[in-house]
Amino acid sequence: MSFHDKVVVVTGAGSGMGRAMVQEFVAQGARVAALDINEVSAVATVKALENPDQGLPVHVDVSSVESVDSAMSEIAEWGGGVHVLCNNAGIVDSFRPAHEIPLEEWHRTIAVDLTGPFLMARAVIPGMLERGEGVIVNTASISSFSAAGGGSAYTAAKHGVLGLTRQLSFDYGRRGIRVNAICPGATATGLTMPEGGSDFLPDTEAELGRIPAQRWCTPEEIAKLAVYLAGDDAGYIHGAAMVIDGGWLAAARNPI
């Protein structure tokens, strides 16, 4: 699988799964724009590459139309058209139930986790339509299917990401754009637990042994799946929700 001469955009690229995606796509020959709301982290991701010239750190707030448009202009000047978009940026909520979650937290979670992928997709689709090809990979979650992996805001947003993935696939698949979703389970990243804590946080570490895999997923495993879905070998995969959860959902109940 080769991505030579291809431009890939990864959001949430400053750490975790996003950073691993940048590294994996670059290893396959791509030029990768590493987008993150934390510009310092995006720069660090690119500097850590074996060939930093293959990467471009870009500051973006995916929930802001103006910020997304500015980022896309910078990417166009650097690399031209976008061949692959990985909508990976996301935040978690505090696991509070609906009657206790602050409205600001609800709005911010939906804005980043659901509106963000929509805005990014909307920005790259016109260019993909012009070329007659393109790939979008959305990072959803097992919370796209079930409760307890997050609070009301996160679960609602991730259900929405899966719906967005399917609608984009329906709308654009016949015009050369493939859209799929990755649905991770317990993955060892800095976003595993929300900042500040909450009385409703589950003890994920203690319960992890209940799933068949009995371990955390690594960001590198998620990145390899993203690269596969973006490549030609996945050419017949449209509108799919690729679960990578160590058997969490297959266990027929939430382990938490």
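Attention here is on the structure that accompanies the text. (Residues numbered from 1 in each chain as written. Predicted model: local features only at pLDDT ≥ 70, side-chain atom pairs only at ≥ 80, totals over all residues. Heavy atoms only, no water.)

## As for the environment of Ile 182
And step 1. Looking at the secondary structure, you find Ile 182 in strand E6 (residues 177-184).
And step 2. The sequence separation of Ile 182 and Gly 134 amounts to 48 residues, and the corresponding C-alpha distance is 17 Å.
And step 3. Beyond its immediate chain neighbours, meaning those up to four positions away, Ile 182 contacts Val 137, Asn 138, Thr 139, Ala 140, Ser 141, Ile 222, Leu 225, Ala 226, Leu 229, Met 242 and Ile 244. (Helix = DSSP H or I, 4+ residues; strand = E, 2+ residues; numbered from the N terminus. Contact = heavy atoms within 4.5 Å.)

## Focus: the layout of surface pockets
And step 1. Approximately 250 Å³ is the volume found for the second largest pocket.
And step 2. Looking at the second largest pocket, it is lined by 15 residues, and the ones nearest its centre are Lys 6, Glu 133, Val 135, Ala 230 and Asp 232.
And step 3. When grouped by side-chain class, the residues that make up the lining of the second largest pocket number five nonpolar, six polar and four charged. (1 Å grid on protein atoms, 1.4 Å probe; cavity = no way out; pocket = protein on both sides within 12 Å on 5 of 7 lines; lining within 4 Å. Points joined across faces, edges and corners; volume = space filled by probe spheres on them. Nonpolar A, V, L, I, M, F, W, Y, C, P; charged D, E, K, R; others polar.)

## Regarding the environment of Leu 35
And step 1. Tracing the backbone shows Leu 35 in strand E2 (residues 31-36).
And step 2. Among the residues examined, Leu 35 registers a relative accessible area of 0% and is labelled buried.
And step 3. Separated by 119 residues in the primary sequence, Leu 35 and Tyr 154 place their C-alpha atoms 21 Å from one another.
And step 4. When residues no more than four places from it in sequence are discounted, the contact partners of Leu 35 are Val 9, Val 10, Thr 11, Gly 12, Ala 13, Val 58, Val 60, Ala 71, Ile 75 and Met 120. (Buried < 20%, exposed > 50% of the residue type's maximum accessible area, 1.4 Å probe, protein only.)

## Considering the sheet that holds E6
And step 1. Here we have seven strands laid out as an open sheet, ordered E3-E2-E1-E4-E5-E6-E7, and parallel in their pairing. Of all strands in the sheet, those with a lone pairing partner are strand E3 (55-59) and strand E7 (241-244), marking the two edges. Taking the axes of each pair of neighbouring strands and ignoring which way they run, one obtains an average angle of 15° across the sheet.
And step 2. Where strand E4 (residues 84-87) and strand E5 (residues 134-139) come together, four bridges link them in parallel fashion. Bridging across to E5, Leu 85 finds its partner in Ile 136.
And step 3. The sheet contacts of helix H3 (residues 65-79) involve strand E1 (7-11), E2 and E3, and relative to E3 the element is tilted by about 160°.
And step 4. Across the sheet, helix H5 (residues 152-172) is in contact with E5, E6 and E7; its angle to E6 comes to roughly 160°. (Pairing = 2+ DSSP bridges. Axes fitted to C-alpha atoms, helices over the stretch in contact; angles between N-to-C directions.)

## Structural notes on the packing of helix H4 (residues 103-131) against H5
And step 1. Between H4 and H5, whose axes approach to 8 Å, the crossing angle comes to 15°. In terms of orientation, H4 lies roughly parallel with respect to H5. Seen along the crossing, H4 lies across H5 with a hand that is right-handed. Contacts between H4 and H5 involve Trp 106, Thr 109, Ile 110, Asp 113, Leu 114, Pro 117, Phe 118, Ala 121, Ile 125 and Leu 129 on the former and, on the latter, Ser 152, Ala 153, Tyr 154, Ala 156, Ala 157, Lys 158, Gly 160, Val 161, Leu 164, Leu 168 and Tyr 172.
And step 2. Of the residues in the contact of H4 with H5, the class split is 16 nonpolar, three polar and two charged. (Parallel < 35°, antiparallel > 145°, perpendicular 65-115°, else oblique. Left-handed = near helix turned anticlockwise from the far one by under 90°.)

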